[in-house]
Amino acid sequence: MAARGKKQKKEPAGMNCAEIFAALAMLEKERGIPQSFMMDKIIQALTTAYKRDHSDVENVIVDVDEEHQTLKMYVQKNVVDEEDYVDPPNEMTLEEAKALSAKYEIGDTVNIPVDNVEFGRIAAGNGKQVIIQGLREAERGMIYDEFNSKQHEILTGTVMRIDPRTGNATLQIGSGTDATEAVLTVGEQVRGEELVEGMRLKVYVVEVRRNTRGPQIIISRTHPGLVKRLFELEVPEIYDGTVEIRSIAREAGSRTKMAVWSNEPEVDPIGACVGPKGQRVETIVQELRGEKIDIVKWSEDPAEFVAAALAPADVISVETGSEGKSCRVRVPDDQLSLAIGKEGQNARLAARLTGCKIDIKPESWTGEEE
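Residues numbered from 1 in each chain as written. Predicted model: local features only at pLDDT ≥ 70, side-chain atom pairs only at ≥ 80, totals over all residues. Heavy atoms only, no water.

**So, the sheet that holds strand S11 (residues 255-262)**
Logical step 1: In spatial order, the strands read S10-S11-S12; together these three strands make up an open sheet with mixed pairing. Edge positions in the open sheet fall to strand S10 (243-251) and strand S12 (292-297), since each of these has one partner strand only. Ignoring strand direction, the axes of neighbouring strands in this sheet form an average angle of 20°.
Logical step 2: As judged from the six bridges shared by S11 and S12, these two strands associate in the parallel manner. Across the sheet, residue Arg-255 finds its bridge partner in S12, namely Lys-292.
Logical step 3: Here helix H11 (residues 345-354) sits on the sheet and contacts S10, S11 and S12; the angle it forms with S10, its principal contact strand, is near 135°. (Pairing = 2+ DSSP bridges. Helix = DSSP H or I, 4+ residues; strand = E, 2+ residues; numbered from the N terminus. Axes fitted to C-alpha atoms, helices over the stretch in contact; angles between N-to-C directions. Contact = heavy atoms within 4.5 Å.)

**Structural notes on the pattern of salt bridges**
Logical step 1: Scanning the model with the defined rule gives 18 salt bridges in all.
Logical step 2: One salt bridge connects Arg-209 with Glu-207, and the closest N-O pair in it is separated by 3.3 Å.
Logical step 3: Linking Glu-251 and Arg-348 is a salt bridge whose minimum nitrogen-to-oxygen distance equals 2.6 Å. Pair noted here: Glu-251 is in strand S10 and Arg-348 is in helix H11, with a separation of 97 residues, a long-range link.
Logical step 4: The exposure class assigned to Arg-348 is partly exposed, which follows from its relative accessible area of 35%.
Logical step 5: Within the structure, one salt-bridge network assembled from shared partners comprises Glu-193, Arg-221, Glu-287 and Arg-289. (Salt bridge = Lys/Arg side-chain N within 4 Å of Asp/Glu carboxyl O. Buried < 20%, exposed > 50% of the residue type's maximum accessible area, 1.4 Å probe, protein only.)

**What about the side chain of Gln-345?**
Logical step 1: Along the chain, Gln-345 turns up in helix H11.
Logical step 2: Beyond its immediate sequence surroundings of up to four residues, Gln-345 is in contact with Glu-251, Ser-254, Arg-255 and Ile-340.

**Focus on the pairing of strand S9 (residues 216-220)**
Logical step 1: In terms of burial, S9 is largely enclosed, as four of its five residues are buried.
Logical step 2: With five bridges connecting them, strand S8 (residues 200-209) and S9 associate as antiparallel partners. What sits directly across from Tyr-204, in S9, is Ser-220.
Logical step 3: Taking the residues that link successive antiparallel strands as the turn, the S8-S9 hairpin has six residues, and the phi of Gly-214 there is positive, at about 120°.

**Describing the confidence of the model for the protein**
Logical step 1: Here the protein averages 86 in pLDDT, and 91% of its residues register 70 or above.
Logical step 2: Contacts for the low-pLDDT stretch residues 1-15, under 50 throughout, to residues beyond four places or in other chains number 14 contacts. (pLDDT = per-residue confidence, 0-100.)

**Some details on the sheet that holds strand S13 (residues 317-320)**
Logical step 1: Reading across the sheet, the three strands line up as S13-S14-S15 and stay open at both edges, with mixed pairing between neighbours. Taken across any chain shown, the strands that pair with only one partner, and hence form the sheet edges, are S13 and strand S15 (357-362). Here the average twist between neighbouring strands, direction ignored, is 20°.
Logical step 2: Across four bridges, S13 lies against strand S14 (residues 326-331) in antiparallel orientation. Paired with Ser-317 across the strands is Arg-330, a residue of S14.

**Observations concerning the packing of aromatic side chains**
Logical step 1: Using the criterion set out here, one finds two aromatic pairs in the structure.
Logical step 2: Ring geometry for Trp-261 versus Trp-298: centroids 6.1 Å apart, planes at 80°, classification edge-to-face. Here Trp-261 is found in strand S11, whereas its partner Trp-298 is found in the loop between S12 and helix H9 (302-309), with 37 residues between them in sequence.
Logical step 3: Under the relative-accessibility criterion, Trp-261 is labelled partly exposed at 24%.
Logical step 4: Residue class for Trp-298 comes out partly exposed when judged on its relative accessible area of 21%.
Logical step 5: The rings of Trp-261, Trp-298 and Phe-305 are connected pair by pair, giving a single aromatic cluster.
Logical step 6: Its guanidinium or amino end placed over the ring of Trp-298, Arg-246 lies 4.4 Å from that ring's centre, counting from NZ or CZ. (Phe/Tyr/Trp six-rings, centres within 6.5 Å; stacked < 30°, edge-to-face > 60°. Lys NZ or Arg CZ within 6 Å of the ring centre and 35° of its normal.)

**Considering the environment of Ala-23**
Logical step 1: Along the chain, Ala-23 falls in helix H1 (residues 17-31).
Logical step 2: For Ala-23, a relative accessible area of 23% translates into the label partly exposed.
Logical step 3: Sequence separation between Ala-23 and Gln-35 is 12 residues; the distance between their C-alpha atoms is 9.2 Å.

**Focus: the packing of helix H5 (residues 224-234) against helix H8 (residues 279-287)**
Logical step 1: As a packed pair, H5 and H8 sit with axes 10 Å apart at the nearest point and diverge in direction by 140°. Classed by the angle they form, the pair H5 and H8 counts as oblique. Crossing angle aside, the handedness with which H5 passes H8 is right-handed. Facing Leu-230, Phe-231 and Glu-234 of H5, the residues of H8 in contact are Arg-280, Val-281, Thr-283, Ile-284 and Glu-287.
Logical step 2: The residue inventory of the contact of H5 with H8, partitioned by class, reads four nonpolar, one polar and three charged. (Parallel < 35°, antiparallel > 145°, perpendicular 65-115°, else oblique. Left-handed = near helix turned anticlockwise from the far one by under 90°. Nonpolar A, V, L, I, M, F, W, Y, C, P; charged D, E, K, R; others polar.)

Here it is in structure tokens:
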């Protein structure tokens, strides 16, 4: 009968450090998560776990050797005089330190290696969970950074589902590993705009908030910024700064008024926004499902600006108040209802566009009524 070979010594349960380094390298390559970020999480978890089992230990460090792909844990102890030796978990006498190395003196810090078996147990209990948790945190952090840089921008999303109870729509924003979900609430949806699953929508990123369950992206279809960004995408003169959007007032789904200006006299800011044969503005109107858009010329003269803002009505005269925050406008009698607009919409949007309280009177008004 053949002699039995010597029983191999069982290695302590723990992390295979080479595999960990390989996993982190793969995560960095495939997910773009820096190895240093994940390693910091692992180190933090290991030191926390050791301190949980040794509550009296103050300083624990994990040494990372990337070249040899190893991890080692040490407890740091201060070298003190025999008379001051009162805290064994965190201190050692000079005699004890000299037994390790003659170089140590009082006041030095000595790194005492943690037993391999204990370190292996701690690593086994925490390594995998840390990587999973760290991966989630990293992805959330990267998604937050990705979309936080896109605040006040337009993104395209796909309607994934619509809550039948609330009417809120969940959109998938982005694609691949960068994809995330955002909720378009009923309050941020355009009234009368019917959403169906699979529909692609342009949305305005109002804000990105940190949340325990991941980044929360606040999106809108009603925000005036959506109209502004659509014009920036469609009109090269706005994108390059030749034409400026100075003010926007919007009642989503119905009408928008936008004031534009150019510092170059030869450039017609309204014409640039409308485009050849109205193509540019028509593209935006289609994206907004038929919302009417009035484009007027901005002026630093309040009276001139208010007169332009009340388009399509003609204005006979504008009398501004002392501080320019209110004005009285006269229009032809037959255009009074046009100036005011249906349910007061034209006047209301003009007031918001100019920041001026507007009192509209017909040409025949004499003031006797007051």
